Amino acid sequence: MNPVAFEILGMEIRWYGIFIASVFLIGTLIALREAKRKGIDEEVLIDLLLFAVPAALIGARAHYVIFSWDLYRDNPIQIFNFRAGELAIPGGIIAAVVVALIFCKVRKQDFWKLADITAPSIILGQAIGRWGNYINQEAYGTPTNLPWGIVIDGVKVHPT
């Protein structure tokens, strides 16, 4: 499958980006519904997301760059090339949690209650993000002969 879904004015729109954008939208809707169910003001959740989402993207990029420094050492301007992809969810989660802790302290909110509300959306994001990895043919396991293996570049490998 082609990782490029379509082009707009010569700019490639990739499936992975579509998946990430849809996760933010669907995840936000799920979290808003859960916030309402648990008696949390939805405005508080939106405020949190306005800080946590950009922090998560920056953290995910920073994590990838730190652990792939050899790719950026000679061309550090590429660190800021978010369109190249290369995000790592552990960095995104760390950054979002730090921001959420600060947000909750400043706004006098229960961190654990907000964590419970947002956790399903984070898990959903990880699952949907893996489909983007599959389309990009990246983030797969070692070669296998087992029935659930997927073929990437002519080699049957464990899916992630």
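Coordinates for the structure precede this section.
Definitions and limits used
Each chain carries its own residue numbering, running from 1 in the direction its sequence is written. Owing to the predicted nature of the model, reporting of local features is limited to residues with pLDDT of at least 70; listing and counting of side-chain atom pairs is limited to 80 or more, with chain, interface and lining totals taken over all residues. Calculation of side-chain values draws on the structure's entire complement of heavy atoms; hydrogens and water are dropped beforehand. For two strands to be treated as a pair, DSSP must find no fewer than two bridges joining them. A run of H or I in DSSP becomes a helix once it reaches four residues, and a run of E becomes a strand once it reaches two; helices and strands are each numbered from the N terminus. To get an axis, a line is fitted to the C-alpha atoms, and for a helix only the part in contact is used. The angle between two axes follows their N-to-C directions and goes from 0 to 180 degrees. To sort the angles, those under 35 degrees are grouped as roughly parallel, those over 145 as roughly antiparallel, those from 65 to 115 as roughly perpendicular, and the leftovers as oblique. Crossings are sorted by hand: turned counterclockwise from the far helix by less than a right angle, the near helix makes the crossing left-handed, and turned clockwise it makes it right-handed. By the convention used here, residues are in contact when the closest approach between their heavy atoms is within 4.5 Å. Each residue's exposure class comes from its accessible area (1.4 Å probe, protein chains only) as a fraction of the maximum for that residue type: buried when under 20%, exposed when over 50%, partly exposed otherwise. One less than the number of residues in a helix, times 1.5 Å, gives the span that helix is expected to have. Bend is computed residue by residue as the angle between axes fitted to the seven residues ending at the residue and the seven residues starting at it. Two N or O atoms count as a polar contact when they lie within 3.5 Å, although within protein this holds only if one can serve as hydrogen donor and the other as acceptor, and sequence-adjacent residues are included solely when both atoms are side-chain atoms. For this analysis, a ring pair means two rings from Phe, Tyr or Trp (six-membered ring only for Trp) whose centres lie within 6.5 Å, classed as stacked if their planes differ by under 30 degrees, edge-to-face if by over 60, and tilted for the remaining angles.

With respect to the pairing of strand S2 (residues 11-14)
So, point 1. Examined bridge by bridge, strand S1 (residues 4-8) and S2 share 4 bridges and lie antiparallel to one another. For Val4, the partnering residue across the bridge sits in S2 and is Arg14.

Regarding the packing of helix H3 (residues 89-107) against helix H4 (residues 111-136)
To characterise two packed helices, one gives the angle between the axes of the helices and the distance between these axes.
So, point 1. Between H3 and H4, the shortest axis-to-axis distance is 12 Å and the interhelical angle comes to 160 degrees. When the interaxial angle is binned, H3 and H4 end up roughly antiparallel. Judged by the twist between their axes, the crossing of H3 over H4 is right-handed. Side by side, H3 and H4 meet where Ile89, Ile93, Val97, Ala100, Leu101 and Cys104 of the first sit next to Phe111, Leu114, Ile122 and Gln126 of the second.

A closer look at the environment of Leu29
So, point 1. Considering the arrangement of structural elements, one finds Leu29 in helix H1 (residues 15-37).
So, point 2. Its relative accessible area of 52% is what places Leu29 among the exposed residues.
So, point 3. C-alpha of Leu29 to C-alpha of Ser121: the two residues are 92 residues apart in sequence and 8.9 Å apart in space.

Some words on helix H2 (residues 42-67)
Think of an α-helix as turning once every 3.6 residues; residues three or four places apart then point the same way.
So, point 1. An ideal rise of 1.5 Å per residue puts 38 Å on 26 residues; H2 measures up with 36 Å between its terminal C-alpha atoms.
So, point 2. The largest bend in H2 amounts to roughly 30 degrees and is located at Leu49.
So, point 3. Residues of H2 that are buried sit in contact with H1, H3 and H4.
So, point 4. Backbone nitrogen of Glu43 and a side-chain oxygen of the N-cap are separated by 3.1 Å at the start of H2; the cap is Asp41.

Structural notes on the environment of Ala119
So, point 1. Inspection of the secondary structure assignment puts Ala119 in helix H4.
So, point 2. Separated by 88 residues in sequence, Ala119 and Ala31 have C-alpha atoms that sit 8.5 Å apart.

Considering the packing of aromatic side chains
We describe a pair of aromatic rings using the distance from one ring centre to the other and the angle between the two ring planes.
So, point 1. Applying the stated rule across the entire model yields 5 aromatic pairs.
So, point 2. An angle of 80 degrees between the planes, with centres 4.9 Å apart, marks the rings of Phe111 and Trp112 as edge-to-face.
So, point 3. Judged by its relative accessible area of 63%, Trp112 is exposed.
So, point 4. Ring centres 6.2 Å apart and planes at 80 degrees place the aromatic pair Trp131 and Tyr134 in the edge-to-face group. Here Tyr134 and Trp131 lie together in helix H4, a separation of 3 residues that amounts to about one turn.

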